[in-house]
Amino acid sequence: MNEVRKSIIIGGPLNWPWIWVGFCLLVTFHMIPTALIIRFLEDWRPLSVILPLWIFCGLSLNGMYIGYRSLGVTIIEPLISSLLYIIILALLMNAEFSVFYHKKDLLVMLIWMIPGLFCAFFGAWLGELSQHKKEQKQTQTTK
Amino acid sequence: MNQKIDSANPKVSEFTPEFLRWITTTTFGAILLVLIPRWSYAQTLSQFFILPPPVQAAGRTIAIGLSEFSGHTPMLSGIELFNMLATLIVFYIFGPVLWLFSWRVLHQFKAAGTPITKIMNVWSILFIIGGALTLRTGFNEVTNMVMNRIVSAQLYAAQDVQRTKDQLIGDLITISNEAYDYYILPKSLNGGNKSYEGFCIPLSQENNDHGQLMIVDTQPQKIMFLAISSKNNLNTILVSLSSTGQVSEWKFSGEYN
């Protein structure tokens, strides 16, 4: 776990391919289902609860996947790709619901970004933890 | 194990250029598919440029019909013609050709052993542009096809219900006329002599392709008929015939309601 902490504190060069791949994965596998959900289940009452859950779960899973699969510690990368994706998602929401008609709505959307980014961060951290555990197991088996 | 801190060669990518090309293509395709049409609805010019040709053609047909109806001679403006042609060329010809051609070139490079390490070379960019356009068009067409099938099935079902309803109403009017004939005729002419009592629906009219007709209640001055659809027993029509021959108190149930 020291490596994880060190990486977050020290920083270091960002793994840009993973940032791009994370963003692409979110757009391809999360945005199309989200658009379909919004389009076809717009009048469905539980959608107001399910949609945020679906968005936060998607961001967490993406972070977890990047954290687990990438070499080294990648926690900032899912955060950046999630931030880019949230902007795209906000544009989608705006196109579907015109949520930015009032400035207040834009503020609400920006506030929603914070838990989204937290989810991505938490997912990446969990992914890194499981990757670390897997590596430890492999090392023990080799010894 | 920390690549950022420990790795001797941090520039080594974990992804092949092919993977990055494909994932970038699907991403731009998804953005084109989901976001661009939504933005375009607000702007007439880009709406014509983005909407698929069949939708544009349908829109034009309606616009021409309305224009003719209001006494104007319909004329397509140059910009409209250009946009329709541009949409056809870009989405249905230019995109797939560009994609397949650049794919072939990249494949040939690979087969010849020419290293294409950079993701952002010209052929890769063409591959991404062409692929995004093609994927967007393909996905849009497939979903349109599926939706068209669903909508046409729903329309057919709705029209089928309406058709059966109209046929049953026709049957009820016919049987009401016959019942009123029976009511006004004297007993000597096989009539009811100012009474509906004794009237029966002829066997040939009791059951047909549309449904079933039956008498629910018979009183001297009033008779009630019930028609049940042959396709759905819950779809019924209840009607009452008065002594003046007036068909009234229509009651529809099920999908007829």
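Residues numbered from 1 in each chain as written. Chains lettered and ligands numbered in written order. Predicted model: local features only at pLDDT ≥ 70, side-chain atom pairs only at ≥ 80, totals over all residues.

## Quick look at the overall build of chain B
- Of the regular secondary structure elements, chain B holds eight helices and four strands.
- The helix and strand sequence of chain B, counted from the amino end, reads α-α-α-α-α-α-α-α-β-β-β-β.
- Counting all 257 residues of chain B, 23% fall into the buried class.
- In chain B, once contacts between residues fewer than 6 apart in sequence are set aside, the share between residues at least 24 apart is 50%. (Helix = DSSP H or I, 4+ residues; strand = E, 2+ residues; numbered from the N terminus. Buried ≥ 20, exposed ≤ 12 C-beta atoms within 10 Å, placed from the backbone. Contact = placed C-beta atoms within 7 Å.)

## Structural notes on the overall build of chain A
- Along chain A, the regular secondary structure elements total five helices and zero strands.
- The linear arrangement of helices and strands in chain A, starting from the amino end, is α-α-α-α-α.
- Within chain A, contacts between residues at least 6 apart in sequence are counted, and of these 82% link residues at least 24 apart.

## Considering the sheet that holds strand 4 (residues 247-253) of chain B
All names here are of chain B.
- Judged by pairing direction, the sheet is antiparallel, and its four strands sit side by side in the order 1-2-3-4 without closing on themselves. Looking at which strands have only one partner, the edges of the open sheet turn out to be strand 1 (211-219) and strand 4. When the angles between neighbouring strand axes are averaged without regard to direction, this sheet yields 15 degrees.
- In the sheet, strand 2 (residues 222-229) pairs with strand 3 (residues 236-241) via six bridges, with the strands oriented antiparallel. When the bridges of strand 3 are listed, Leu226 appears paired with Leu238.
- Of the strands in this sheet, strand 1, strand 2, strand 3 and strand 4 are in contact with helix 7 (residues 122-184), which crosses strand 2 at around 155 degrees. (Pairing = 2+ DSSP bridges. Axes fitted to C-alpha atoms, helices over the stretch in contact; angles between N-to-C directions.)

## Here we look at the packing of helix 2 (residues 16-40) of chain A against helix 2 (residues 17-34) of chain B
- Where helix 2 of chain A contacts helix 2 of chain B, the two axes come as close as 9 Å, and the packing angle between them is 40 degrees. Both helix 2 of chain A and helix 2 of chain B take part in a crossing whose hand is left-handed. Residue-level inspection shows Pro17(A), Val21(A), Cys24(A), Val27(A), Thr28(A), Met31(A), Ile32(A) and Ala35(A) of helix 2 of chain A in contact with helix 2 of chain B, the latter providing Leu20(B), Ile23(B), Thr24(B), Thr26(B), Thr27(B), Ala30(B), Ile31(B) and Val34(B).
- Within the contact of helix 2 of chain A with helix 2 of chain B, the residues separate by chemical class into 12 nonpolar, four polar and no charged. (Left-handed = near helix turned anticlockwise from the far one by under 90°. Nonpolar A, V, L, I, M, F, W, Y, C, P; charged D, E, K, R; others polar.)

## Considerations on the pairing of strand 3 of chain B
Residue and element names in this part refer to chain B.
- Burial of the side chains of strand 3 is restricted to one face: Ile237, Val239 and Leu241 are buried, whereas none of Thr236, Leu238 and Ser240 on the reverse face is.
- Connecting strand 2 to the antiparallel partner strand 3 that follows it, the hairpin turn spans six residues.
- Sheet topology note: the strand 3/strand 4 ladder contains five bridges and is antiparallel. Residue pairing across strands places Ile237 opposite Phe252, the latter belonging to strand 4.
- Following strand 3, the chain reverses through five residues before pairing antiparallel with strand 4; Gly245 in that reversal takes a positive phi of roughly 85 degrees.

## Regarding the pairing of strand 1 of chain B
All names here are of chain B.
- Where strand 1 lies against strand 2, eight bridges are found, and the strand directions are antiparallel. Paired with Gln219 across the strands is Lys222, a residue of strand 2.
- Where strand 1 hands over to strand 2, the hairpin turn is made up of two residues, counted between the paired strands.

## A word on helix 3 (residues 47-69) of chain A
- An ideal rise of 1.5 Å per residue puts 33 Å on 23 residues; helix 3 of chain A measures up with 32 Å between its terminal C-alpha atoms.
- Turning to helix 3 of chain A, its buried residues number three or more, namely Ile55(A), Gly58(A), Leu59(A), Ser60(A), Asn62(A), Gly63(A), Met64(A), Ile66(A) and Gly67(A). (Expected span 1.5 Å × (residues − 1).)

## Considering unusual backbone geometry
All names here are of chain B.
- If you check the backbone angles, Asn190 has positive phi at about 60 degrees while not being a glycine.
- Along the chain, Asn190 turns up in the loop between helix 7 and helix 8 (203-206).
- Given 9 C-beta atoms within a 10 Å radius, Asn190 is considered exposed.
- At Asn193, a residue that is not glycine, the phi angle is positive and equals roughly 55 degrees.
- Examined against the element boundaries, Asn193 turns out to sit in the loop between helix 7 and helix 8.

## Points about the environment of Gly131(B)
Residue and element names in this part refer to chain B.
- In this structure, Gly131 sits in helix 7.
- A sequence separation of 36 residues divides Gly131 from Gly95, and the C-alpha atoms of the two residues are 6.8 Å apart.
- Ignoring any residue separated from it by four or fewer positions in sequence, one finds Gly131 in contact with Thr25, Gly29 and Trp99.

## A few points about the confidence of the model for chain B
Residue and element names in this part refer to chain B.
- For chain B, the average pLDDT comes to 80, and 83% of its residues sit at 70 or higher.
- Put simply, helix 4 (residues 44-50) is where chain B has its lowest mean pLDDT, 44, and strand 3 is where it has its highest, 92.
- With pLDDT under 50 throughout, residues 1-8 is counted as low confidence; its partners more than four residues away or in other chains account for 21 contacts.
- Among the scores for the predicted complex, ipTM is 0.78 and pTM is 0.65. (pLDDT = per-residue confidence, 0-100.)

## Focus: the nonpolar core
- Within the largest apolar cluster, 38 residues are counted, with the highest numbers of intra-cluster contacts made by Phe23(A) and Val27(A).
- Every element with two or more residues in this core is listed here: helix 2, helix 3, helix 4 (76-97) and helix 5 (103-142) of chain A together with helix 2, helix 6 (78-112) and helix 7 of chain B.
- Counting residues per element, this core draws most heavily on helix 2 of chain A, at 10 residues.
- Among all residues touching Phe23(A), those that are not within four sequence positions of it are Ser81(A), Leu84(A) and Tyr85(A).
- Formed by 17 residues, the second largest nonpolar core is a distinct cluster that contains Ile175(B), Leu213(B), Ile223(B) and Ile237(B). (Core = buried A, V, L, I, M, F, W, Y, C linked by C-beta atoms within 7 Å.)

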